[in-house]
Amino acid sequence: GSSILDYCVTKLLLPQMQCSAQINKPVVTAKMPFRGKVTGGKCYVWCACGHSKKQPFCDGAHRTQAPSISPPHFTPEKDSTLMLCACKQTKNVPYCDGTHFKFTGSPL
């Protein structure tokens with residue numbers, strides 16, 4: 001007979017391990033930043049994995065597509081227009097820091 005442990009290892013753990021190299025790296029969603037208006041005092045959740053269908057914001061896709069990547073929360077101080085990272089390589093999460101130039105070769 002099959003035990004719960006066998007089921008967990010073969011159905012849950014092994015498939016995740018086989019694609020772990022893929023799920024540990026974010027997906028580049030665009031080679032230019034997302035420009036968007038945000039409301040001061042409102043909490044936003046930035047998609048760090050690149051799998052969200054609501055870019056640049058999180059829709060929870062990381063839970064199944066990239067469970068090792070957690071989305072950061074941020075709250076702007078005032079209403080503003082921001083340049084949010086789309087290449088998912090920024091060192092200034094969630095803001096664009098120009099890292100996408102590595103992909104495009106030219107500034108905005």
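Computed from a predicted model, the values in this text were never measured in an experiment. (Residues numbered from 1 in each chain as written. Predicted model: local features only at pLDDT ≥ 70, side-chain atom pairs only at ≥ 80, totals over all residues. Heavy atoms only, no water.)

Here the focus is the overall build of the chain. From N to C terminus, the chain includes 4 helices and 4 strands. Relative to its 108 residues, the chain shows a buried fraction of 28%. Within the chain, counting contacts between residues at least 6 apart in sequence, those at least 24 apart form 60% of the total. Accessible area of the chain: about 7200 Å², with a carbon and sulfur share of 55%. (Helix = DSSP H or I, 4+ residues; strand = E, 2+ residues; numbered from the N terminus. Buried < 20%, exposed > 50% of the residue type's maximum accessible area, 1.4 Å probe, protein only. Contact = heavy atoms within 4.5 Å. Areas by Shrake-Rupley, 256 points an atom, 1.4 Å probe, with all protein chains shown as cover.)

The next subject is the UniProt feature "domain: Iron-binding zinc finger CDGSH type" (unreviewed entry) in the chain. UniProt's feature table lists "domain: Iron-binding zinc finger CDGSH type" (unreviewed entry) at residues 31-68 and 69-106, given in the numbering used throughout. Secondary structure within residues 31-68 divides into 11% helix and 18% strand; the distance between the first and last C-alpha atoms comes to 23 Å. (UniProt positions renumbered as here; feature names shortened; annotations may be inferred.)

For the bond running from Gln-55 to Pro-56, omega is 5 degrees, close enough to zero to count as cis. In this structure, Pro-56 sits in the loop between strand 2 (44-45) and helix 3 (62-65). Phi at Lys-88 is positive, roughly 65 degrees, even though this residue is not glycine. Under the relative-accessibility criterion, Lys-88 is labelled buried at 6%.

Next up on the list: the environment of Gln-65. Residue position: Gln-65 is located in helix 3. Take Gln-65: its relative accessible area is 40%, and that puts it in the partly exposed class. Remark: the alpha-carbon pair of Gln-65 and Gly-50, spanning 15 residues in sequence, is separated by 9.3 Å.

Inspection of the secondary structure puts Thr-90 in the loop between strand 4 (80-84) and helix 4 (101-104). A relative accessible area of 9% means that Thr-90 is categorised as buried. Residues Thr-90 and Ala-48, 42 residues apart in the sequence, show an inter-C-alpha distance of 9.9 Å. A polar atom in the side chain of Thr-90 sits 3.0 Å from the backbone nitrogen of Asn-92. (Polar contact = N/O pair within 3.5 Å; in protein donor to acceptor, adjacent residues only side chain to side chain.)

The subject of this paragraph is the side chain of Thr-90. At a separation of 2.7 Å, a polar atom in the side chain of Thr-90 contacts the main-chain carbonyl oxygen of Tyr-95. Here the side chain of Thr-90 touches Asp-97 through a polar contact of 3.3 Å, side chain to side chain. For Thr-90, the residues in contact, after removing those within four places along its chain, are Trp-46, Cys-85, Tyr-95, Cys-96, Asp-97 and Thr-99.

Moving on, we get to the packing of aromatic side chains. Per the counting criterion, the structure on display carries 3 aromatic pairs. Taken together, a centroid distance of 5.6 Å and an interplanar angle of 25 degrees make the contact between Tyr-44 and Phe-74 stacked. Pair noted here: Tyr-44 is in strand 2 and Phe-74 is in strand 3 (residues 73-74), with a separation of 30 residues, a long-range link. Between Phe-74 and Tyr-95 the ring centres are 5.9 Å apart and the planes differ by 70 degrees, which places this aromatic pair in the edge-to-face class. Highlighted residues: Phe-74 in strand 3 and Tyr-95 in the loop between strand 4 and helix 4, separated in sequence by 21 residues. Under the relative-accessibility criterion, Phe-74 is labelled buried at 8%. (Phe/Tyr/Trp six-rings, centres within 6.5 Å; stacked < 30°, edge-to-face > 60°.)

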